[in-house]
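Listed below, chain by chain, are the residues.
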Amino acid sequence: PRSKIIISSQNERKEVLSKQITIMSNDDEILLAAVEGGGTSFVVTIARLLSSSSDIKDSSSIIQIGKSNFQLQQSQTISSESPDDTLSQCATFFQTHLPKKGYYDGVGIATFGPVGLDPTKKETYGRILPSSPKKEWRNVDVVSPILKACGTSTHKLETDVNAPAWAEYVHRNKNSTPISSVAYVTVGTGVGVGLVVNHKPVHGLMHPEGGHIAISPLEDDGFAGYSWGTERSPYGGINTVEGVTSSVALTERLAHMRQQQDKDKTTTTVIANAQERDMLKDLPDTHPIWDHASNALANLCVTLILLLSVEQIVLGGGIMNRTILYERIRSQTQNILNGYLDVSQVTTENGLKDYISCSCWGEKGGLVGALSLALDAYEEKEEKKKKEKHVAFSKDCDMEKEESYKRDIEMKMTIAKSIIAFSAIGLIY
């Protein structure tokens, strides 16, 4: 049965979120909960898994991952400044729209890192690790309060870059030429790199932290690195991808450039203003700051190509809304490779355009990544149920066979006894 959609009243809309839709769900609907935990905000979403394409009425609210279609039903953006407030609001959102059956069918959580991903390590699983630059989030458990609110333990947890990398991998494999590897790079407050290699998300010691690899800076680059690099960052945040092209680094570089032009401002004042990061959007495409950004990201692409031989590189995040960066990154990637690789993906204009690209879902890449995790969690649960039913059926069949075998033996024994008895009577007479 299809969902009945009722537009909320103005007061209800204010209480929950603007432009809210209240869904009267049926128990047999498959509803998934997704959390995209970013550096500045969390996006919480509820989506219905459609059973067939005939269920699609309004394509504007439909997201496709591979061959699966989802209808977005609820969504809210929550500031991530305070862990307690953020997680409390996330929990309230999911509880407000909890299905009548009392739980969601699957939960996907894609959060900023570093985060504990190994479920066998209970002391760190689901927690933001102590090395996070967001001090207020260190050791915070981002999983438990969300699962409690969703009424289920069926979930998948990933980084906010591994999740969209996985979604890109699944989608491209089911809708185009099959590939075994994808790199997803998000460029925003920080720089994250998600990897799928040999058909699996990369975890290893922890998870990829490609934003902190060293780069070859542009000539005469005197930038001393971003302020976040002063504590526990590789290379001290100097000449790293994140230390050059994150929004924090770019605004601090811009602040120092402007300070050189205005000696009356102190460095502290300039950097404090830079943290607002609003000044970047007003810069022209010709500003030299974008040359530094594109060079840093081209260095990262070259590293991914030479070290992992990835078959697709996807770039996203707020900084990549400056679309001129794509062409500059492709061109600089080709320059740095210096003709070393003779493959069309990096030697031709069309090859590079397809190879280093934006997300299949644009700015929704992170959200779709979280949804793909929720779908995986649900499908794994269903597959486990099928296996358990099969095992139970097999046991029932085995028991029935055993009972049948016993009955057969008993019948044969009865017949044998009868034959012996009749033979004995014949001997007497």
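Report follows, based on the coordinates. The structure presented is a predicted model; accordingly, all values stated were derived computationally and were not measured.

Before going further, it helps to examine the overall build of the chain. From N to C terminus, the chain includes twelve helices and 13 strands. Buried positions account for 46% of the 429 residues belonging to the chain. In the chain, the share of contacts with a sequence separation of at least 24, taken over all contacts with a separation of at least 6, comes to 67%. About 22500 Å² of surface is accessible on the chain, with carbon and sulfur atoms providing 52% of the total.

For any pair of aromatic rings, the description consists of the separation of the ring centres together with the inter-plane angle of the planes. Going through the model one piece at a time under the given rule, you end up with seven aromatic pairs. For the ring pair Phe42 and Trp137, a centre distance of 5.4 Å and an interplane angle of 15° mean the geometry is stacked. Remark: Trp137 occurs in the loop between strand E7 (106–111) and helix H3 (144–150) and Phe42 occurs in strand E4 (residues 41–49); sequence separation between them is 95 residues. The two residues Phe42 and Trp137 agree in class, both being buried. On the basis of an interplanar angle of 75° and a centroid distance of 5.8 Å, the ring pair of Phe94 and Tyr104 is categorised as edge-to-face.

A few words on a nonpolar patch on the surface. Taken together, the side chains of Tyr405, Ile409 and Met413 present a nonpolar region at the surface, about 310 Å² in accessible area. Mapped onto the elements, Ile409 comes out in helix H12 (residues 365–428).

Our focus in this paragraph is the state of the cysteines. On inspection of all chains with the given rule, the structure shows zero disulfides. We note that Cys358 lacks a disulfide partner, and the nearest cysteine sulfur, in Cys360, lies 8.0 Å from it.

Our focus in this paragraph is unusual backbone geometry. The amide bond that connects Gly113 to the next residue, Pro114, takes the cis arrangement and shows omega of 0°. Notably, Asn139 is not glycine yet its phi reads approximately 70°, a positive angle. Phi angles above zero are rare outside glycine, and Ser309 is one such case at about 55°.

Our focus in this paragraph is the packing of helix H8 (residues 289–308) against helix H9 (residues 324–337). Contact pair H8 / H9: the axes reach a minimum separation of 8 Å and the direction vectors enclose 55°. Between H8 and H9, the interaxial angle falls into the category oblique. As H8 packs across H9, the resulting crossing turns out to be right-handed. Where H8 abuts H9, its residues Trp290, Asp291, Ala293, Ser294, Asn295, Leu297, Ala298, Asn299, Cys301, Val302, Ile305 and Leu306 lie against Ile324, Leu325, Arg328, Ile329, Gln332, Thr333, Ile336 and Leu337. Classifying every residue of the contact of H8 with H9 by side-chain character gives 13 nonpolar, five polar and two charged.

So, how was this worked out
Residues numbered from 1 in each chain as written. Predicted model: local features only at pLDDT ≥ 70, side-chain atom pairs only at ≥ 80, totals over all residues. Heavy atoms only, no water. Helix = DSSP H or I, 4+ residues; strand = E, 2+ residues; numbered from the N terminus. Buried < 20%, exposed > 50% of the residue type's maximum accessible area, 1.4 Å probe, protein only. Contact = heavy atoms within 4.5 Å. Areas by Shrake-Rupley, 256 points an atom, 1.4 Å probe, with all protein chains shown as cover. Phe/Tyr/Trp six-rings, centres within 6.5 Å; stacked < 30°, edge-to-face > 60°. Patch = residues over 30% accessible without salt bridge, like charges linked within 9 Å, V, L, I, M, F, W, Y side chains within 5 Å. Salt bridge = Lys/Arg side-chain N within 4 Å of Asp/Glu carboxyl O. Disulfide = S-S within 2.5 Å. Axes fitted to C-alpha atoms, helices over the stretch in contact; angles between N-to-C directions. Parallel < 35°, antiparallel > 145°, perpendicular 65-115°, else oblique. Left-handed = near helix turned anticlockwise from the far one by under 90°. Nonpolar A, V, L, I, M, F, W, Y, C, P; charged D, E, K, R; others polar.

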